[in-house]
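Listed below, chain by chain, are the residues.
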Amino acid sequence: MEKNKGSANKLTYTCSAPCYGVFVDYNIMMPLRDGVRLAMDIYYPAIDGKKVQETFSVILVRTPYDKTNKSYYRYFAERGYVVVVQDVRGRYASEGVFYPFANEGPDGYDTVEWIAVQSWCNGKVGTSGASYCAAVQNALASLNPPHLAAMIPTYGPSSYFHSSMRHNGAFEMRFFVYAFSMAVSSREAASDPFIKSALEEAYTNIWEWVKSYPIRKGETPLSLLPSYEQWAIDISTRCLYDEYWKRPGYGPRFHYERHADVPTLYIAGWYDTYTRSSFENFIELGKQKKKPVHILAGPWTHGGDFKATAGDMSSVPEGGLSDIMGVELRWFDRWLKNLPTGVDKEKRVKYFLMGGGKGIETGNRVIFHGGEWKTSDVWPPAETQPMPFYLYPDGHLSLKPLLSGDFHTTYNFDPSDPVPTIGGNLSAIPLPAGGFDQKGDKIFIFAKNTLPLSSRSDILCFMTEPLTKDITVVGPIAMKLWVSTDGMDTDFTAKLIDVFPPSLNYPHGAALNISDSILRLRFRNGFEKEELAVPGEVYKISFELYPTANRFVKGHRIRLDISSSNYPRFDVNPNTGGPLGIERRKR
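To keep things clear, this report deals only with the structure shown in the data block. (Residues numbered from 1 in each chain as written. Predicted model: local features only at pLDDT ≥ 70, side-chain atom pairs only at ≥ 80, totals over all residues. Heavy atoms only, no water.)

**Let's talk about the sheet that holds strand β24 (residues 491–499)**
Strand order across the open sheet formed by four strands is β22-β27-β24-β25, with antiparallel pairing between neighbours. Of all strands in the sheet, those with a lone pairing partner are β22 (460–463) and β25 (511–520), marking the two edges. Each strand axis lies, on average, 20° off the axis of its neighbour in the sheet, ignoring direction. Where β22 meets strand β27 (residues 557–563), four bridges bridge the pair, whose relative direction is antiparallel. The residue bridging Cys461 from the neighbouring strand is Asp561, located in β27. (Pairing = 2+ DSSP bridges. Helix = DSSP H or I, 4+ residues; strand = E, 2+ residues; numbered from the N terminus. Axes fitted to C-alpha atoms, helices over the stretch in contact; angles between N-to-C directions.)

What follows is the structure, encoded as structure tokens:
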């Protein structure tokens, strides 16, 4: 028995206790519809070293990262679940060719339905896993397998085209890096010392390959693994939202209508790469489906183990999550075992409102941002109201609309000198993610000096006066700009920043990044076609930043930075109007 201390009535709930041992069958080969066999390790509840001869609910984890023994699998088997962990097609012990993400839907569907008819399964299959392991859950759920009964996608996509691999028309460079990192751990590299050596050398020099982007077929060590190379080229050059991107493996957005209607818990992080996607899935499936859809969002980075630190930003101890397996156990026990765990009595949204901490301590780099947990039945919370801020040509950010007039401000953007990425929503790329003071530092590979980003001539900073009262921003953030350029294409970026008052170790005040995004101008009217700009013509553009929950406290300032690059989070627009992922000239 446990207590839900967050409830005013201290709701009592029951969860499975560890009452079994574990027996494991390794590398069981399961045939797919096309004859390829995938390898699975199966963890059974056991007594005295022998499988319990009963039927159990099953938790499925599909992974490209090696299914070898992990405590997670034993944890659930000890509590009365069969746990099936599977190498995806072309990885480790599974057969076939690995082409990331795109084709995972049918493989996942076949796996769920194969499990459901096994003698040890009671017909209920739940899925779990983070990142790629969340993407494959979304992929199979988009095909609605009959025996899927519950899901917990952690840090997963809604559409890899709109805000993951590509992002409002730009390319997220982390997936270029990802192709190299996955190649190093490939089955082919493991079996061939020459291939392994070449790929390890390439990944050691990954920043040089990033600088040489875009790649051409046959000119990088990825050519040793043709499917990996082809995938890297495809996601770089396929810049229109077409049938390629509408496959279930690239996210459920196109498939919401037929998506499985099962109890689903989404887990998101404010500094994760899938924050926007997690909330899109939660909102849309919550509207379209009858079964409960919940979301848990904390101040976490991708792969940050739910710690209460994200870069230099700290929400210790409030923002940490020390028992993620306990959170999952409550969900699965309710929906796979029908135990009264209480999750169906809770509000659908639990989120961490950042801000209000003790701030900056003398001699300490850490930004103690603090925060508190909140709950809501809807997102954004019902009490929120739209709050427009207006940009003034003198750099003010104000709640008062700008009076009519021909006001504008300009900057020069040189793609050979892009604005360096300083933290943010990153993964799969060897750069620190999370919240940081927005200034150069040696830990950020493309930062050329230690000056604040605001000192750059290609960044427009708009900032409020010191706040006279707290302003809490919770929910989605929309950016609307009127822009023109003397070229045929460029990008526009926006970054929301919480500016702390000056201190001894932050003499300019720490400028803590909260959220950001980008729009490639040729896609201002949608992603099904490219429309190059007419030089000098003014266009109204709008795009969405990642959702957030942040309290800008009294005495702080709210800042918005506008520019045309954020590199290497996003690829750099060459400004020529040339074909994306191919053009090698810069203007």
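**What to know about helix α10 (residues 275–288)**
Along its 14 residues, α10 runs 20 Å from first to last C-alpha, staying within 8% of the 20 Å computed at 1.5 Å per residue. Along α10, the positions that sit buried rather than exposed are Thr275, Arg276, Ser277, Ser278, Phe279, Glu280, Asn281, Phe282 and Leu285. (Expected span 1.5 Å × (residues − 1). Buried < 20%, exposed > 50% of the residue type's maximum accessible area, 1.4 Å probe, protein only.)

**Things to note about the state of the cysteines**
Applying the stated criterion across every chain yields a total of zero disulfides. A disulfide-free cysteine, Cys121 has its sulfur positioned 18 Å from the sulfur of Cys19, the nearest such atom. Given a relative accessible area of 7%, Cys121 falls into the buried group. (Disulfide = S-S within 2.5 Å.)

**Points about the sheet that holds strand β18 (residues 367–368)**
Paired through their backbone hydrogen bonds, the strands of a sheet run either parallel or antiparallel. Across the sheet, which stays open at both edges, the four strands sit in the order β14-β15-β18-β17 with mixed pairing between neighbours. Where the open sheet ends on each side, the last strands, each with one partner, are β14 (309–310) and β17 (359–360).

**Description of helix α11 (residues 324–336)**
For α11, spanning 13 residues, the distance from its first C-alpha to its last is 18 Å, which sits close to the expected 18 Å at 1.5 Å a residue. With 11 of its 13 residues buried, α11 lies for the most part within the structure. Inspection of α11 places Ile324, Gly326, Glu328, Leu329, Arg330, Trp331, Phe332, Asp333, Arg334, Trp335 and Leu336 among the buried residues, and these make up the whole buried set. At the C-terminal side of α11, Asn338 shows a positive phi close to 60°.

**Brief notes about the pattern of salt bridges**
Applying the stated criterion to the full structure yields 39 salt bridges. A salt bridge links Glu208 to Lys211, with the shortest nitrogen-to-oxygen separation between them at 3.5 Å. In this pair, Glu208 and Lys211 are both assigned in helix α8 (residues 206–211), three residues apart and thus about one turn of the helix distant. By relative accessible area, which is 47% here, Glu208 ends up partly exposed. (Salt bridge = Lys/Arg side-chain N within 4 Å of Asp/Glu carboxyl O.)

**Section: the environment of Tyr26**
Position of Tyr26 relative to the elements: it lies in strand β3 (residues 21–31). With relative accessibility at 47%, the residue Tyr26 sits in the partly exposed group. Residues Tyr26 and Thr68 lie 42 residues apart in sequence; the distance between their C-alpha atoms is 9.0 Å. Look past the residues within four positions of Tyr26 in its chain and what remains in contact with it is Met40, Asp41 and Arg74. (Contact = heavy atoms within 4.5 Å.)

**Side note on the packing of aromatic side chains**
Using the criterion set out here, one finds 46 aromatic pairs in the structure. For the pair Phe101 and Tyr132, a centre-to-centre distance of 4.2 Å together with 35° between the ring planes defines the contact as tilted. Of this pair, Phe101 sits in the loop between β7 (82–87) and α2 (104–116) while Tyr132 is found in helix α3 (residues 132–141), placing the two residues 31 residues apart along the sequence. The interplanar angle of 35° and the centroid separation of 5.2 Å between the aromatic rings of Phe161 and Tyr241 together place this pair among those described as tilted. Of this pair, Phe161 sits in helix α4 (residues 160–163) while Tyr241 is found in the loop between α9 (226–237) and β12 (264–271), placing the two residues 80 residues apart along the sequence. A residue is classified by how much of its surface remains accessible, and Phe161, at 1% relative accessible area, is buried. Residue placement shows Lys246 over the ring face of Tyr241; its charged tip is 5.2 Å from the ring centre. (Phe/Tyr/Trp six-rings, centres within 6.5 Å; stacked < 30°, edge-to-face > 60°. Lys NZ or Arg CZ within 6 Å of the ring centre and 35° of its normal.)

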